[in-house]
Amino acid sequence: MRLEDRYLGFVVNFLLGVSWASIFIGAFSSFLSFYEDSFLIAFISIFIGVMPGMIAILLLELFITTKEKYSELQKQTRLLEKLLTKKEKTDL
């Protein structure tokens, strides 16, 4: 996983798996509930059944991206501080 914290990475991976499972279950159950009435209604219900899982995946990916950005900013800050201290030592 892209996250540095093992436990947080495990939880996020687990939640991503649950979200994908809810997408497949939502699509399958929605289609089976409405295919006898009309295929158009069945496909519309698939779209509606998939939405909660897709929203969950988008939020989890946003969380992962934000954590990666924060981690990279911390690394850049450490490097800039090292460069600053090195420059101050050479100026003296």
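That block above? That's the structure.
Sequence order sets the numbering: in each chain, residues are counted from 1 along the sequence as written. Totals for whole chains, interfaces and linings use all residues, but because this is a predicted model, local features are given only for residues with pLDDT of at least 70 and pairs of side-chain atoms are given and counted only at 80 or more. Derived side-chain values reflect all non-hydrogen atoms in the structure, with water molecules and hydrogen atoms excluded from consideration.

*Asks:* Quick rundown of the packing of helix α1 (residues 6–34) against helix α2 (residues 39–91)? Include the residues and the values.
*Replies:* Packed helix pairs are specified by the crossing angle of their axes together with the interaxial distance, meaning the distance between the axes. One way to put it is that α1 packs onto α2 with a least axis distance of 6 Å and a crossing angle of 170 degrees. Here α1 is positioned roughly antiparallel relative to α2, judged by the angle of their axes. Classification convention: Asp, Glu, Lys, Arg as charged; Ala, Val, Leu, Ile, Met, Phe, Trp, Tyr, Cys, Pro as nonpolar; all other residues, Gly among them, as polar. For the contact of α1 with α2, the residue count by class is 20 nonpolar, seven polar and two charged. Helix axes are fitted to C-alpha atoms over the stretch in contact, other axes to C-alpha atoms as well, and angles between N-to-C directions run from 0 to 180 degrees. Strands here mean DSSP runs of E at least two residues long; helices mean DSSP runs of H or I at least four residues long; both are numbered from the N terminus. Reported orientations rely on four angle classes, namely roughly parallel under 35 degrees, roughly antiparallel over 145, roughly perpendicular from 65 to 115, and oblique for the rest.

*Asks:* A description of a nonpolar patch on the surface should follow, citing residues and the corresponding values.
*Replies:* Candidate patch residues must exceed 30% relative accessible area and have no salt bridge, after which like charges are joined if within 9 Å and Val, Leu, Ile, Met, Phe, Trp or Tyr side chains if within 5 Å. Accessible surface is estimated by sampling points in the Shrake-Rupley manner with a 1.4 Å probe; for residues, cover comes only from the protein chains shown. Salt bridge criterion: a side-chain nitrogen from Lys or Arg within 4 Å of a carboxyl oxygen from Asp or Glu. Taken together, the side chains of L40, I44, F47, I48, M51, I55, L59 and L62 present a nonpolar region at the surface, about 830 Å² in accessible area. With respect to the helices and strands, the residue M51 is situated in helix α2. Here's how the labels work: a residue is buried when its accessible area is under 20% of the maximum for its type, exposed when over 50%, partly exposed in between, all with a 1.4 Å probe on protein chains only. Residue M51 is classed as partly exposed on the basis of its relative accessible area of 33%.

*Asks:* Please set out α1 residue by residue, giving values where relevant.
*Replies:* By definition here, a helix of n residues has an expected span of 1.5 Å times n minus one. A rise of 1.5 Å per residue sets the reference length of α1, with its 29 residues, at 42 Å; its end C-alpha atoms lie 42 Å apart and thus fit the reference within 8%. Those residues of α1 that fall on the buried side of the exposure criterion are G9, V12, L16, S19, I23, G26, A27 and S30.

*Asks:* Got a sec to walk through the pattern of salt bridges? Specific residues and values, please.
*Replies:* Considering all chains together, one arrives at one salt bridge under this definition. In this structure, E72 engages K75 in a salt bridge whose closest nitrogen and oxygen atoms are separated by 3.6 Å. Residue E72 and its partner K75 are located together in helix α2, separated by three residues, close to a single helical turn.

*Asks:* Give me the lowdown on the environment of I25, citing residues and values where you can.
*Replies:* Within the secondary structure, I25 sits in helix α1. Residue class for I25 comes out exposed when judged on its relative accessible area of 58%. Remark: the alpha-carbon pair of I25 and I57, spanning 32 residues in sequence, is separated by 15 Å.

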